[in-house]
Amino acid sequence: MICDAHVHFFSPGFFSALGATPEKLAGIGWDDPESTEALAARWVVDLDRHGVDTVALIASLPGDADSVVTAVALHPSRFVGFFMVDPTRDNAVADATRALDRGLRTICLFPAMHRVALHDERVARLFELAAARPGTAVFAHCGALSVGIRRKLRLPSPFDIRFGNPLDLHAVALKFPAVPIVIPHFGAGMLREALMVADLCPNVHLDTSSSNSWIRYTPGLTLEQVFRTALEVIGPDRLLFGTDSSFFPRGWNREVYVQQKAALDGLGVTDADQEKIFAGNFRRLFR
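Residue positions are given per chain, counting from 1 as you read along its sequence in written order. Selection of residues for local features in this predicted model requires a pLDDT of at least 70, selection of side-chain atom pairs for listing and counting requires 80 or more, and totals for whole chains, interfaces and linings are taken over all residues. The side-chain quantities take in all heavy atoms of the structure and omit both hydrogens and water.

A.B. asks: With reference to specific residues and values, describe the pairing of strand β1 (residues 2-9).
C.D. replies: Burial classes follow relative accessibility: with a 1.4 Å probe on protein chains only, a residue under 20% of its type's maximum area counts as buried, one over 50% as exposed, and anything between as partly exposed. Secondary structure is summarised from DSSP: a helix means a run of H or I of at least four residues, a strand means a run of E of at least two, and numbering begins at the N terminus for each. For β1, the tally of buried residues reaches eight of eight residues, placing the bulk of the element in the interior. For two strands to be treated as a pair, DSSP must find at least two bridges joining them. Pairing of β1 with strand β2 (residues 52-59) involves six bridges; the strand directions are parallel. Residue Asp4 lies in a different strand from β2, and its bridge partner there is Val55.

A.B. asks: Break down the sheet that holds strand β5 (residues 137-140) for me, with residues and values.
C.D. replies: Strand order in this open sheet of eight strands is β1-β2-β3-β4-β5-β6-β7-β8, and the pairing throughout is parallel. The open sheet terminates on both sides in strands that have one partner only, identified here as β1 and β8 (239-240). Pairing between β2 and strand β3 (residues 79-84): five bridges, direction parallel. Bridge pairing in β3 places Ile58 opposite Phe82. Running at roughly 75 degrees to β1, helix α13 (residues 271-285) makes contact with β1, β2, β3, β7 (204-207) and β8 of the sheet. By the convention used here, residues are in contact when the closest approach between their heavy atoms is within 4.5 Å. Note on method: axes are straight lines fitted to C-alpha atoms, helices fitted across the in-contact stretch only, with angles between N-to-C directions ranging 0 to 180 degrees.

A.B. asks: Could you give me a rundown of unusual backbone geometry, with the residues and numbers involved?
C.D. replies: Of note, the bond from Phe248 into Pro249 is cis; its omega dihedral lies within 30 degrees of zero at 20 degrees. Examined against the element boundaries, Pro249 turns out to sit in the loop between β8 and α12 (254-267). A positive phi angle, close to 80 degrees, is found at Ser210, a residue other than glycine. Take Ser210: it is sitting in the loop between β7 and α11 (223-234). If you check the backbone angles, Asn212 has positive phi at about 55 degrees while not being a glycine.

A.B. asks: I'd like a rundown of the layout of surface pockets, residues and numbers included.
C.D. replies: Cavities and pockets are defined on a 1 Å grid built over the protein atoms alone: a cavity is a set of grid points where a 1.4 Å probe fits but cannot escape, while a pocket is an open set with protein on both sides within 12 Å along at least five of seven lines, and lining residues are those with an atom within 4 Å of any such point. Grid points are joined across faces, edges and corners, and a volume is the space filled by probe spheres set on the points. Its boundaries defined by the atoms lining it, the largest pocket holds a volume of some 890 Å³. Put simply, the parts of the chain that give the lining of the largest pocket at least two residues each are β1 and α8 (148-152). Top element by residues in the lining of the largest pocket is α8. It accounts for five residues. Class assignment for the residues of the lining of the largest pocket results in 17 nonpolar, 15 polar and six charged. Its volume calculated, the second largest pocket comes out at about 200 Å³. What lines the second largest pocket is a set of 17 residues, and nearest its centre among them are Pro62, Gly63, Ala65, Asp95 and Ala96. Of all the secondary structure elements, the ones that give two or more residues to the lining of the second largest pocket are α4 (65-74), β3 and α5 (92-101). Here the lining of the second largest pocket takes five residues from α5, the largest share from any one element. Three residue categories are used. Nonpolar comprises Ala, Val, Leu, Ile, Met, Phe, Trp, Tyr, Cys and Pro, charged comprises Asp, Glu, Lys and Arg, and polar comprises the others, including Gly. Partitioning the lining of the second largest pocket into residue classes produces nine nonpolar, two polar and six charged.

Functional significance is not addressed by these values, which are geometric in nature.
This is the structure we're talking about:
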């Protein structure tokens, strides 16, 4: 069984907010989603084709949570709803509360994008909300941040990765030990810092998603070595497989799965531990 902890739901509202018209999407070789309902149905067909059971579906702009609410309502056994929040907005807690009330499960933070530190009091208020809602997790993107659709559309990306240090999660993770925290992409270039926080805080998890191109920042580092180190430090129970899939016609990015499966096989990781990484840990967190 495969569960994917990291899939972006690029809804019509998402593309509209970026000024990505159907003509512009066609120009970069991407399909227009047509409608939220049609996009959700297309994801289900694609997941079936690849044998993927359940995925975390991420609303990838603040204010687009309703699109994922619709998708989850239509296919509750296939999607777990994640949604992005900008903690600097005055209505951040109210918007997050509304999304959680409507069935979504995880608050997604992109500190480099919104230029807010993870130890900021405005972030702490969102953790307080998650703590008051058992079963709610917090996703915190750390390290290097590059949004492919913005590059393709030649949109500015005024991010500041100084705000994306995993160490900034230490105090808040200790303060809210019942809130599961997910750091995607093994920390996206800050593997050492992500592992330090995860080692000190048992509620911190790492997702394995994307091509992990940040590996090139450390000469000689390989995906196998990344997995080996993560398994040595935090074990197999806090690693969540993910692909970072997002757009059609590509759909679910099977190549990421193939590469990660080969790395784990090469390390001799047992079938039982691989089951945890590829499905079990996700199902335990979001049952």
